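Commentary on secondary and tertiary structure
The lines below spell out each chain.
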Amino acid sequence: MRYPAYDRYKNTKYEWMNSIPFSWDIMNLSHAVRMKSGENITSLEILPAGAYPVYGGNGVRGFFDTYTHSGEYILIGRQGALCGNINLVKGIFWASEHAVVVAPDRELNIDWLGYLLISMNLNQYSVSAAQPGLSVESIGRLKIPVPIIDEQQKISDFLDFKTQQIDQIIEKKKALIEKLNEQRIAVVTQAVTKGLDKNAKMKSSDVDWLGDVPAHWELKKLKFMASIKNGRDYKHIENNEGYDVIGSGGPFAKASEYLFDGESVLFGRKGTIDTPLFVSKKFWTVDTMFYSVIEPDIIAKYLYYSATIIPFKYLATQTALPSMTQFDLENHVLACPNKNEQEEIVTYIEKKLNRIDNMVRINKDAIDVYGEYRNSLVTAAVTGKIDVRDFSLNKGVA
């Protein structure tokens, strides 16, 4: 939808608002608002439930039995990678030292002010240090465009309405992606535990998570499908180029040597143990990972898809850092058809997953597009690039 522009503009020397409506003012942020860091509170004092929410720089951290503020305020994240985050808070709450509390120092619409601060991308003004942070003094010197209070209300009403519409679309896209991911798991689970023949005779596997499996399939411990090997430390062979060094999150470094060449399924030994990886080239894997040497009668991709549905929570040791022993992994039972049927199952799974993954990709791209549109709409409204004074909440049009 195209929105009208104002009749007259005046130029400014500020890049992010190079021109603004002729009737608007420009002032330092510090002349429009009061800004002060919140009060110190330790993580031990913050409770999982309580009378009043505790806000840090990125939202609610927990609860406390007393409060620092009552009313309507904007909180700016002060420290960390997400400093510059904006939260509009209304009510009674504790603001921690990780947030800058912003209150209007003149007649300003708090909702409009929140949209304005979001559009300013305050994170770009963070000071590079051991931990990124914002200086209250430096952001206070930033210039802001200020329309009259009635116009601020119009802009706020317009953005409330439009961003709610956009957010609802985004939430629907996210819900669809979640359902597609569930469908992805269901496709793999059905194929590697029940097979593709709906009329196949079934038998009990005597394994709770497997249930009934086709009667002609074998039940095999993983060690009879692949040899499990330990990864190794890579520091002594780390290089700027060469072979991938793979951890639980995938490749993250390069090495001058490799541990294995060929198709392999990798399993996390410590930390992330529930995300097997498939590799089909020369690689080195870290000492917190297992790799596998696949047996000749097993299709590597079939083993990989079977591995993705293993209930790893039952294999995890009861320690602070999730861990899995080689013994437990090797002795885990999987359903195993003959090699020809494995190939058919892999072909079927990948055809189905390609379609699902394509739908996920389309919806993720759509979320990005709607998110960018949301941001551009906010910026256009608070800088006066569009005139929303005649916007009708009842009709939803300008």
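It should be emphasised that the depicted structure is a prediction, and the values quoted were computed from it without experimental measurement.

**Considerations on the overall build of the protein**
- Scanning the protein from terminus to terminus reveals 7 helices and 22 strands.
- Taking 398 residues into account, the globule formula puts the C-alpha radius of gyration at 21 Å, and the protein, at 28 Å, lies well above it.
- The C-alpha extent of the protein, read off along each of the three principal axes, is 80 × 50 × 45 Å.
- Counting across all 398 residues of the protein, residues that qualify as buried make up 45%.
- Across the protein, the 46 positively charged side chains and the 48 negatively charged ones have centroids separated by 3 Å.

**Topic: the nonpolar core**
- If you look at the biggest cluster of nonpolar residues, it comprises 86 residues, and the most contacted ones within it are Ile76, Leu117, Phe158, Phe267 and Leu303.
- Counting residues per element, this core draws most heavily on helix H7 (residues 339-382), at 12 residues.
- For Leu117, the contacting residues outside a window of four places in its chain are Leu29, Ile74, Ile76, Ile86 and Leu122.
- Counting residues in each nonpolar core, the second largest holds 16 residues, with Val245, Ala255, Leu277 and Val286 among its members.

**Focus: the sheet that holds strand S18 (residues 263-268)**
- Taken in spatial order, the 4 strands make up an open sheet running S14-S21-S18-S19, and their pairing is antiparallel. The sheet is open, and its two borders are formed by strand S14 (226-230) and strand S19 (277-280), each paired with just one other strand. Neighbouring strand axes in the sheet, compared pairwise and without regard to direction, differ in orientation by 30° on average.
- Across 5 bridges, the pairing between S14 and strand S21 (residues 289-294) is antiparallel. Bridging from a neighbouring strand, Ala226 pairs with Ile294 of S21.
- In the packing of helix H5 (residues 300-308) onto the sheet, the strands contacted are S14, S18, S19 and S21, and the crossing angle to S18 comes to about 20°.

**Some points on the sheet that holds strand S4 (residues 33-37)**
- In spatial order, the strands read S4-S9-S7-S8-S5-S6; together these 6 strands make up an open sheet with mixed pairing. The strands lining the two open edges of the sheet, one partner per strand, are S4 and strand S6 (59-64). Looking at each pair of strands side by side, their axes are set apart by 40° on average, direction ignored.
- With 2 bridges joining them, strand S5 (residues 52-56) and strand S8 (residues 86-95) adopt parallel strand pairing. Paired with Val54 across the two strands is Trp94, which belongs to S8.

**With respect to unusual backbone geometry**
- Phi at Asn121 takes a positive value of approximately 50°, unusual for a residue other than glycine.
- Within the element layout of this structure, Asn121 appears in the loop between helix H2 (110-119) and helix H3 (136-140).
- What makes Asn121 partly exposed here is its relative accessible area of 44%.
- The phi dihedral of Asp206 is positive, around 60°, even though this residue is not glycine.

Here is what the cut-offs are and how they apply
- Residues numbered from 1 in each chain as written.
- Predicted model: local features only at pLDDT ≥ 70, side-chain atom pairs only at ≥ 80, totals over all residues.
- Heavy atoms only, no water.
- Helix = DSSP H or I, 4+ residues; strand = E, 2+ residues; numbered from the N terminus.
- Rg over C-alpha atoms; globule rule 2.2 N^0.38 Å.
- Buried < 20%, exposed > 50% of the residue type's maximum accessible area, 1.4 Å probe, protein only.
- Lys, Arg positive; Asp, Glu negative; His and termini not counted.
- Charge placed at Lys NZ, Arg CZ, Asp CG, Glu CD.
- Core = buried A, V, L, I, M, F, W, Y, C linked by side-chain atoms within 4.5 Å.
- Contact = heavy atoms within 4.5 Å.
- Pairing = 2+ DSSP bridges.
- Axes fitted to C-alpha atoms, helices over the stretch in contact; angles between N-to-C directions.

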